[in-house]
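Single-letter residue listing:
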Amino acid sequence: MGVEYIVITIIAVLGFTTLVITVLRHTHTLVIDEVRILVPNASELHGLQILHISDLHISSPHTWPLKALDCIQSIKPDIIAITGDLTTSPEMLDCTVKAIGRLTARLGIFVSLGNHDHWQRSRLQHLLGLTGRFVHPKQIENKMEKRAIETLVNGSVLVNGANGNFYVAGLDDPYLGLDNYDKTYEMIKSDHPVILLSHSPDAIADVSSHRCDLMLSGHTHGGQIRIPMLHGRTFTNTKMVLPRPYGLMVLNGTPVHVSAGIGTSSELPLRFNCPPRATILNIVDPRVETI
Ligand SMILES: [Fe+2]
């Protein structure tokens, strides 16, 4: 065996080990970031603090997002917004709801549903690449309701904030075509600002005449696997070409925050160069701040 062969083998083993350690670290290290969002013409939202999380994908054996939820328990925002894909295994729904119920927010915890909240699969179905049974959102709503968590399935609620009333609205999953703007806005009668939760940011294309001061979305996982030098080609699983795979952006003139999510898809339970994120959003009305 030549010296060159030994050197190449050592370099390959070290390189592979480093890659495995990096991927495991990037998959299981939660980043908590804080973002300031300028939302014009919505003084009622000024000073509001939202903890935005998304895409937990809690499943067996991928239970790490439960630990991530424990890590953010100490954050006590005004609102917690969770934009879908809660679990990937039906048997994990109870512990997922329990973990969300341990979080605290002064004005409430609000949840919208994602595609995986509808087509949950068993382990066997996953291995066979089959779509699972269709889980009625009512099952999720009922379990959430017992812990005073508001699930918004094409619906809205009026919230009494420190600077005035505003609505939190939630579309059902746009990826499966279940979003219904008319039903979502049915109860919105007065001219208060609207924070809209939608699993996929694609729903912004249909906002048209409805008031939406801020949209919160997930679904993209921030790309999940982000190869350096190829960021422009990050897969977001959206119809719309987003300016970036996650973070704050303006789409169709509306401020949108797309969460990079906490969990992973079950087909590829890894993250690279795109760690799990929970984001604290601090809303500022530029008009109020300059007074
Ligand atoms: Fe997801």
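Bear in mind the structure is a predicted one, so any value in this text is a computation, not a measurement.

**Q** Help me understand the overall build of the chain, please; the structure alone is not making it clear to me.
**A** Each helix and strand counted, the chain has 7 helices and 12 strands in total. Relative to the globule expectation of 19 Å for 291 residues, the C-alpha radius of gyration of the chain, 20 Å, shows essentially globular dimensions. The buried share of the chain, taken over its 291 residues, is 41%. Sequence-distant contacts, at least 24 apart, represent 74% of the contacts inside the chain between residues at least 6 apart.

**Q** Quick question: what am I supposed to make of the sheet that holds strand S11 (residues 254-258) here?
**A** One open sheet accounts for 6 strands, arranged S6-S7-S8-S9-S11-S10; its pairing is mixed. Looking along the sheet, the strands with just one partner apiece sit at the ends: strand S6 (155-161) and strand S10 (247-251). Between one strand axis and the next, the sheet turns by 25° as a mean value, whatever way the strands run. The sheet contact formed by strand S7 (residues 164-170) and strand S8 (residues 194-197) spans 4 bridges and is parallel. Of the residues in S8, the one forming a bridge with Gly 170 is Leu 197.

**Q** Is there a simple way to explain the nonpolar core in this structure?
**A** Among soluble globular proteins, nonpolar side chains are generally buried collectively. Formed by 57 residues in total, the largest nonpolar core has its most connected members in Ala 81, Ile 100, Phe 110, Ala 169 and Leu 196. Apart from the residues within four sequence positions on either side, Ile 100 is in contact with Leu 69, Ile 82, Ile 109 and Ile 149.

**Q** Can you help me understand the pairing of strand S3 (residues 79-83) in this one?
**A** Within a regular strand, the side chains alternate between the two sheet faces. Summarising burial for S3: 5 of the 5 residues are buried, a large majority. Side chains Ile 79, Ala 81 and Thr 83 of S3 all project onto a buried face; the interleaved residues Ile 80 and Ile 82 project onto the opposite face, where all are buried too. Relative to S3, strand S2 (residues 49-53) is paired through 4 bridges, and the arrangement is parallel. The partner of Leu 51 across the bridge, within S3, is Ile 80. This β-α-β element, S2 to helix H2 (residues 64-71) to S3, shows right-handed connectivity. Here S3 pairs with strand S4 (residues 108-112) via 5 bridges, running parallel. Across the sheet, residue Ile 80 finds its bridge partner in S4, namely Ile 109. Remark: the S3/helix H3 (residues 93-101)/S4 crossover connection has right-handed handedness.

**Q** Help me out: how do you make sense of the sheet that holds strand S5 (residues 150-151) in this one?
**A** By definition, the strands of a sheet pair up through backbone hydrogen bonds, in either a parallel or an antiparallel sense. If you walk across this open sheet you meet the 6 strands as S1-S12-S2-S3-S4-S5, and the pairing is mixed. With one partner strand each, in any of the chains shown, strand S1 (31-38) and S5 form the two edges of the open sheet. The pairing of S1 with strand S12 (residues 277-284) spans 8 bridges and is parallel. The residue bridging Val 31 from the neighbouring strand is Arg 277, located in S12.

**Q** What is the right way to look at unusual backbone geometry in this model?
**A** The phi angle of most residues is negative, glycine excepted, and most peptide bonds adopt the trans form. Notably, Asp 85 is not glycine yet its phi reads approximately 55°, a positive angle. Looking at the element boundaries, Asp 85 is found in the loop between S3 and H3. In the Ramachandran plot, Asn 237 falls in the positive-phi region, its phi being about 60° despite a non-glycine side chain. Mapped onto the fold, Asn 237 is located in the loop between strand S9 (214-217) and S10. Asn 237 sits in the partly exposed class, given 15 other C-beta atoms within 10 Å.

The rules we used
- Residues numbered from 1 in each chain as written.
- Predicted model: local features only at pLDDT ≥ 70, side-chain atom pairs only at ≥ 80, totals over all residues.
- Helix = DSSP H or I, 4+ residues; strand = E, 2+ residues; numbered from the N terminus.
- Rg over C-alpha atoms; globule rule 2.2 N^0.38 Å.
- Buried ≥ 20, exposed ≤ 12 C-beta atoms within 10 Å, placed from the backbone.
- Contact = placed C-beta atoms within 7 Å.
- Pairing = 2+ DSSP bridges.
- Axes fitted to C-alpha atoms, helices over the stretch in contact; angles between N-to-C directions.
- Core = buried A, V, L, I, M, F, W, Y, C linked by C-beta atoms within 7 Å.
- Right-handed = clockwise from strand over helix to strand, strands pointing away.

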